[in-house]
Amino acid sequence: MTDNAQTPASQPASDENHIITERREKLRKWRESGKSYPNDFVRENTAEKLDEFYGEKTKEELEAAAIAVAVAGRIMLKRVMGKASFATIQDLSGRIQIFVSRDGVGEESYTDFKQWDLGDIVGVAGTMMKTRTGELSVHASEIRLLSKALRPLPEKFHGLSDVEQKYRQRHLDLITNEQTRFTFVARSRMITSIRHYMTHHGFLEVETPMMHSIPGGAAAKPFTTHHNALDLDLFLRIAPELYLKRLVVGGFEKVFEVNRNFRNEGLSPRHNPEFTMMEFYEAYANYQSLMDFTEGLLRHAAREAMGLETFQYQGRELDLSKPFRRLTIVGAIHHHHPGYGFEELNDTGWLRKKLGELKVEVKPNAGLGTLQMQLFEETTEAEIWEPTFIIDYPTEVSPLARRSDSNPDITERFELFIVGREIANGFSELNDPEDQAARFLEQARAKEAGDEEAMFYDADYIRALEYGLPPTGGCGIGIDRLVMLLTDSPSIRDVILFPQMRPE
């Protein structure tokens, strides 16, 4: 039995085991030939470029030109006939058809080719041609097996069990799913475009530690580890914020970092414990100028990665070209729920009653700002579709943000929501060391009371602030969630190459 079908076919487990046994026997014979796993084939062309350069040429023009090429890729389709056969190989750029004949490659190579399987990786040298039906092809004068696929390729992913498999075996997903390849190419382009945008605007890219002696910069439960040589417990970072602001203290006035954060939280379509953020800080900027900058950055990323600013997300239009709306927390709740009046939304008694009706747990010491925030998260956040900056967050839930000059109960902070998800979080940085120390103490008391996500008191950071942090604005942007938007991906697992999974 040989699995040289025209298209890949799904196989029951027993058939798959039989195929693997057959392929191992082919590998054994290949090893005996002394030609196994060569590393001297030089690829000179890709499928995409061949189509770009020669796709419009006529059959006669290609025959007259005798254009020599050398391609390589994985066999995805194969049609074996008598003295001549066809195969389609795939590289990262796309697919190209190969015409293989006994007269073209010789008796021995043609006999070998007929035994090769879907999924095998081959190198092909030859000339460009078009078939009678007009399909651009490579007329092979040499074809070599470069790597043997011992397992058969799945036909495609469909159904719950296969969705699980595509995340666990991303290599198979990339081989068989063009949309997946597109998603991760778009992700790479988007991150590259962000870096270019930042450096073009005078920002310096830096790297800060992944292991912290004190976790800080966000309200989240950290992962712990241990350094043996120092006999020291450390934490995987939950955010780079406090280190980046130390750099601003040191005189690096515009810095950014694109890297991983780690938060010991649950798994969901929008949460992965290991995720990518871009954080940036600018001296002599505030949260108002940061909103303008963030808006421009997101439009730029959409244009560079997708070529447009208006697109469909999960069947609904999303327009990044229009000015992003700006609403306070209370204003956003009232906008989406006009029945909630401003007087009620500023009444702690009414808020506690309403949250109780919604079965939201409320802490006994929760203040007005926390209650408003809980109601916003419960009733409004998921309803925000078009890009909207929610501004002026309560001081009690913003321990690193500067207080408003006009109202000390709120901070100069924003969060950007798109399609019901937080995409960015920024604020005018708190640069008063005594105010920061007092807020750290409040967080420490909350942690002692059992709040695992409350921040630690970071004395070294306070010492850095005491040298003087200029007025500064900072912002963090969730790269994974932004890629989800731009690639129409419903789950964060679709945009992380190797998402965290439960053990099989």
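Here the structure is a predicted model, which is why all the values come from computation and not from measurement.

A. Region of interest: the confidence of the model for the protein chain. Taken as a whole, the protein chain shows an average pLDDT of 93; of its residues, 96% reach a score of 70 or greater. Contacts of residues 1-11 to residues separated by more than four positions or lying in other chains number 37 contacts, the stretch itself having pLDDT below 50.

B. Focus on the environment of A366. As for its position among the elements, A366 is in the loop between α13 (348-357) and α14 (368-379). In this structure A366 comes out as buried when scored by relative accessible area, which is 14%. For the pair A366 and L50, spaced 316 residues apart in the sequence, the C-alpha separation amounts to 65 Å. Setting aside residues no more than four positions away along its own chain, A366 makes contact with R352, L371 and E396.

C. Highlighting the UniProt feature "domain: Aminoacyl-transfer RNA synthetases class-II family profile" (unreviewed entry) in the protein chain. Feature annotation in UniProt assigns "domain: Aminoacyl-transfer RNA synthetases class-II family profile" (unreviewed entry) to the following positions: residues 184-503. Along residues 184-503 one finds 35% helix and 22% strand; the C-alpha atoms at either end are 24 Å apart.

D. Local environment of the side chain of K148. If you trace the backbone, K148 turns up in the loop between β5 (136-147) and α6 (160-168). There is a polar contact of 2.9 Å between the side chain of K148 and the side chain of D120. Apart from the residues within four sequence positions on either side, K148 is in contact with R23, K26, L27, W30, Y37, Q115, W116, D117 and D120.

E. Quick peek at the UniProt feature "binding site: Mg(2+) 1" (unreviewed entry) in the protein chain. Per the UniProt record, "binding site: Mg(2+) 1" (unreviewed entry) is annotated on E415 and E422. Mapped onto the secondary structure, E415 falls in strand β16 (residues 413-418). In contact with E415, other than residues within four places in its own chain, are M373, T388, F389, I390, Y393, E422, A424 and N425. Of the polar contacts made by the side chain of E415, one reaches the side chain of Y393; its length is 2.5 Å. Examined against the element boundaries, E422 turns out to sit in strand β17 (residues 421-428).

F. Representation of helix α11 (residues 329-336) in the model. Every buried residue of α11 is accounted for by I329, V330, G331, A332 and I333. Structurally, α11 contributes buried residues whose contacts are with β14 (325-328), α12 (342-345), α14 and β15 (388-391).

G. Representation of the pattern of salt bridges in the model. This structure, assessed with the given rule, holds 36 salt bridges. The residue K221 makes a salt bridge to E452 at a minimum N-O spacing of 3.6 Å. In this pair, K221 sits in the loop between β7 (211-212) and β8 (224-227) while E452 sits in the loop between α15 (433-448) and α16 (459-465), placing the two residues 231 residues apart along the sequence. Between R260 and E274 there is a salt bridge, with the nearest N and O atoms lying 2.7 Å from each other. Within this pair, whereas R260 is found in strand β10 (residues 254-262), its partner E274 is found in strand β11 (residues 274-283), the two being separated by 14 residues in sequence. R260 gets classed as partly exposed once you look at its relative accessible area, which sits at 30%. Since its relative accessible area comes to 29%, E274 is described here as partly exposed.

H. Focus on the nonpolar core. Grouped together as the largest cluster of nonpolar side chains are 44 residues, with contacts concentrated most on M190, I194, M198, M278, F280, I418 and I477. Excluding residues that lie within four positions of it along the chain, I194 makes contacts with M278, L297, A301, I479 and L482.

I. Examining the packing of aromatic side chains more closely. In this structure the tally under the stated criterion is 17 aromatic pairs. Between W30 and Y37, the aromatic rings sit 5.0 Å apart at their centres with planes inclined by 45°, giving tilted as the arrangement. W30 sits in the buried class, given a relative accessible area of 11%. When its relative accessible area of 36% is taken as the criterion, Y37 is described as partly exposed. Between Y313 and W385 the ring centres are 6.3 Å apart and the planes differ by 45°, which places this aromatic pair in the tilted class.

J. Region of the structure containing the pairing of β15. With burial as the criterion, each face of β15 is covered, one bearing T388 and I390 and the other bearing F389 and I391. The sheet contact formed by β14 and β15 spans 4 bridges and is parallel. Paired with T328 across the two strands is I391, which belongs to β15. Inspection of the sheet shows β15 paired to β16 by 4 bridges, in the antiparallel sense. Residue pairing in the sheet places I391 in a bridge with F414 of β16.

Criteria and thresholds
Residues numbered from 1 in each chain as written. Predicted model: local features only at pLDDT ≥ 70, side-chain atom pairs only at ≥ 80, totals over all residues. Heavy atoms only, no water. pLDDT = per-residue confidence, 0-100. Contact = heavy atoms within 4.5 Å. Helix = DSSP H or I, 4+ residues; strand = E, 2+ residues; numbered from the N terminus. Buried < 20%, exposed > 50% of the residue type's maximum accessible area, 1.4 Å probe, protein only. UniProt positions renumbered as here; feature names shortened; annotations may be inferred. Polar contact = N/O pair within 3.5 Å; in protein donor to acceptor, adjacent residues only side chain to side chain. Salt bridge = Lys/Arg side-chain N within 4 Å of Asp/Glu carboxyl O. Core = buried A, V, L, I, M, F, W, Y, C linked by side-chain atoms within 4.5 Å. Phe/Tyr/Trp six-rings, centres within 6.5 Å; stacked < 30°, edge-to-face > 60°. Pairing = 2+ DSSP bridges.

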